[in-house]
Every structure is written in structure tokens, then in C-alpha cells.
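Chains, contacts and geometry: an overview
The lines below spell out each chain.
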Amino acid sequence: MEIENLDEYFNYDTILQRMLDNVSSKVDKREGSIIYDAIAPCAAELAQMYITLKNNIDLVFLDTAPNEYLDRLANQSGVERREATFAIKEATFYDEENNLMDIPIGERFSIDDLIFKATEKISLGIYKVECETAGIIGNGVTGNLIPINYIQNLAKAEITELLIPGEDEEDDETLRARLLEQTTEKAFAGNVIDYKNKTKEINGVGAVKVTPIWNRTRNSKTYNIK
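Bear in mind the structure is a predicted one, so any value in this text is a computation, not a measurement.

Along the backbone of the chain there are six helices and nine strands. Per-residue burial for the chain yields a buried fraction of 30% across its 226 residues. Of the accessible surface of the chain, which amounts to about 15,100 Å², a share of 50% is contributed by carbon and sulfur atoms.

Written out as C-alpha cells, the structure reads:
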């Protein structure tokens, strides 16, 4: 038997009617009868089971799998969901005479309900500070920093610019698109896809354009990556 509409064929009303059709017409099958009341709960459970089966099928295909199921499909191809990263900004520190001054690495500062930690010295009084909250939330923060602990001679501290933007955890649709790209276009031996995939793995890289440039040397090829 060919079924044109599976959703309709497996819904509660259709299942119930098929079950009632299999009962002898000599028996009372009207709503409220013993047969009807006995069959109706079974039809409801079967309809729910078909809904569950349909949903389970969606979990195993790349175009419909959500959340952890998409992660598991990606892992089968050696692809992992990109975790959220931390914004790294540049900060300057001044003493009471408005001269740049050094601070201890690891000192923490607050601004707009966020905490930034000094992680690396760039030059005198200029440091990289990393947001302790992952994601894009730390990217747009600018202004004066308030030290968590007392720092001798420190009069002013401020964030000046963004060095490496923080990224939110990769969402389902971005991961799905990346997985499709990597499974349909094979990367090998430094081809265009290989360059793109490796470059995208670098923190702070959002998009990659690879332009092949043919050299005069026969059978040699280099790439410009933008």
C-alpha cells in the first residue's frame, strides 16, 4: 500500500479509525462504547510513538540534527564545535604623576561587571588584559579599570583597544555549514580547502579567502590568504 502522507497516516485520528475498522460491525464501536474506550488509549500511544520515531530520525541526519547530536555527527568527521573564546584587549597603566608604570602580571581589574586580568606585558605600562568571561561580551568594553587589589602608585588604568576579539560558542547552524563544507570539499596536501580550514582554526579569524597564485616555475603554486 502506497502512503502519500505519512504524518496524516500516523496521526491519532487515522490510527484510531483503522483500529475501529478492524472490529466487527456487529459490535458497538461508537464513542463511549467499551471497544472505543479500550482502543482509543492504544491509538494515542501509537501516535506518540510514531512522533518519537520521526524525531529520532531527524537526530541522525546532518541537516536536522540539533545540539549534542550535531556534535556527535561532527565528531565522526573529526570536527569539533568551537568553544567560546576570551576577548584580549590592550590596557595602559599610569602612576600618580601620569607616567606609564608597570604592574604585576595576574592583577585583576573590573569594568562594567566584567573582570579583566593582566596576562602579558607589551611595553612599559602597556599590557594585554584578558576578559574572564568568554564570548563577545568583552569586545566592546572601553574605559577606566578598577583594580581588584591595591597596587602601589597606580593612579589610573584604562582599556584602550581590542587586540583579539572574543567569540561566542559556535551555534548549530555555523557548525552545520562548516561540517558540510569540510565533508563535501576534501582538504589534502595544502590545497585551497586545507589552507582555509587551518586558517579558520586560528583564534580571531572569522573568514578566509584563499587566492591561488601561479608562479613562473612549472608545477609550483603558492597562495595569498586574506
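The discussion continues.
For helix 2 (residues 12–21), the complete set of buried residues consists of Ile-15, Leu-16 and Leu-20. Taken around the axis of helix 2, the buried residues stretch over an arc of 135°, which confines them to a single face.

On inspection of all chains with the given rule, the structure shows eight salt bridges. In this structure, Arg-176 and Glu-173 form a salt bridge, with 3.0 Å as the shortest nitrogen-oxygen distance. You can see Arg-176 and its partner Glu-173 sitting in helix 5 (residues 172–184), three residues apart, about one turn around the helix. Arg-176 sits in the buried class, given a relative accessible area of 9%. Exposure remark for Glu-173: the relative accessible area of 52% places this residue in the exposed category.

Below, the discussion takes up the confidence of the model for the chain. Low pLDDT means the predicted atomic positions in that stretch should not be read closely. With 82% of its residues at a pLDDT of 70 or more, the chain shows a mean pLDDT of 87. This stretch, residues 215–223, has a pLDDT under 50; its non-local contacts, to residues over four places away or in other chains, come to 16 contacts.

Next up on the list: the nonpolar core. In this structure, Phe-93, Ile-103, Phe-109, Phe-116, Val-129, Leu-145 and Ile-159 are the most contacted members of the largest nonpolar core, which totals 19 residues. For this core, the secondary-structure elements that each account for two or more residues are strand 1 (88–95), strand 2 (108–111), strand 3 (114–123), strand 4 (126–131) and strand 7 (154–164).

This part is about the pairing of strand 1. With respect to burial, strand 1 is a largely interior element, eight of its eight residues being buried. Every second residue of strand 1 is oriented toward a common face, with Ile-88, Glu-90, Thr-92 and Tyr-94 on one face and Lys-89, Ala-91, Phe-93 and Asp-95 on the other, all of them buried. Two strands pair when backbone bridges link them, and strand 1 and strand 4 are joined in this way by five bridges, in the antiparallel orientation. Bridging across to strand 4, Ala-91 finds its partner in Tyr-127. Sheet topology places strand 1 next to strand 7; eight bridges connect them, and they run antiparallel. Within strand 7, the residue paired with Ile-88 across the bridge is Ile-164.

Summarising the element assignment, Lys-89 is placed in strand 1. Of the side chains bearing the opposite charge, Asp-112 lies closest to the buried Lys-89, which forms no salt bridge; the N-O distance is 8.8 Å. A polar contact is formed between the side chain of Lys-89 and the backbone oxygen of Asn-139, at a distance of 2.9 Å.

Let's shift gears to the environment of Asn-144. In this structure, Asn-144 sits in strand 5 (residues 143–144). Distance from Asn-144 to Phe-109, taken between C-alpha atoms, is 9.5 Å for residues 35 residues apart in sequence.

Its 13 residues place the ends of helix 5 18 Å apart at the C-alpha level, agreeing with the 18 Å of an ideal helix rising 1.5 Å per residue. By the burial criterion, the buried members of helix 5 are Asp-172, Leu-175, Arg-176, Arg-178, Leu-179 and Glu-181. Between the side-chain oxygen of the N-cap and the backbone nitrogen of Glu-173 there are 3.3 Å, and the N-cap of helix 5 in question is Asp-171.

What counts and how
Just so you know, the residues in each chain are numbered from 1, in the order the chain's sequence is written. Only residues with pLDDT of 70 or above have their local features reported here, since the model is predicted, and side-chain atom pairs are shown and tallied only from 80 upward, although totals for entire chains, interfaces and linings are computed over all residues. The side-chain figures draw on all heavy atoms in the structure; neither hydrogens nor water molecules are used. For the purposes of this entry, the term helix denotes a DSSP run of H or I that reaches at least four residues, the term strand denotes a run of E that reaches at least two, and both are numbered from the N terminus. Per-residue accessibility, obtained with a 1.4 Å probe over protein chains only, is compared with the maximum for each type, and a residue is labelled buried under 20%, exposed over 50%, and partly exposed between these values. Each accessible area is a Shrake-Rupley result for a 1.4 Å probe, and residues are judged covered by the shown protein chains and nothing else. The arc under discussion is defined with respect to the helix axis, by the directions toward the C-beta atoms. Salt bridge criterion: a side-chain nitrogen from Lys or Arg within 4 Å of a carboxyl oxygen from Asp or Glu. pLDDT expresses how confident the predictor is about each individual residue, on a scale running from 0 to 100. In this description, contact between two residues means that some pair of their heavy atoms is separated by no more than 4.5 Å. In plain words, nonpolar cores are sets of buried Ala, Val, Leu, Ile, Met, Phe, Trp, Tyr and Cys residues tied together by side-chain atoms within 4.5 Å. Between any two strands, pairing holds if DSSP finds at least two bridges. His is not counted, nor are the chain ends; Lys and Arg add positive charge and Asp and Glu add negative charge. Any pair of nitrogen or oxygen atoms within 3.5 Å is treated as a polar contact; in protein, a donor-acceptor pairing is required on top of that, and neighbouring residues in sequence qualify only through side-chain atoms on both sides. To estimate the expected span of a helix, count its residues, drop one, and scale the result by 1.5 Å.

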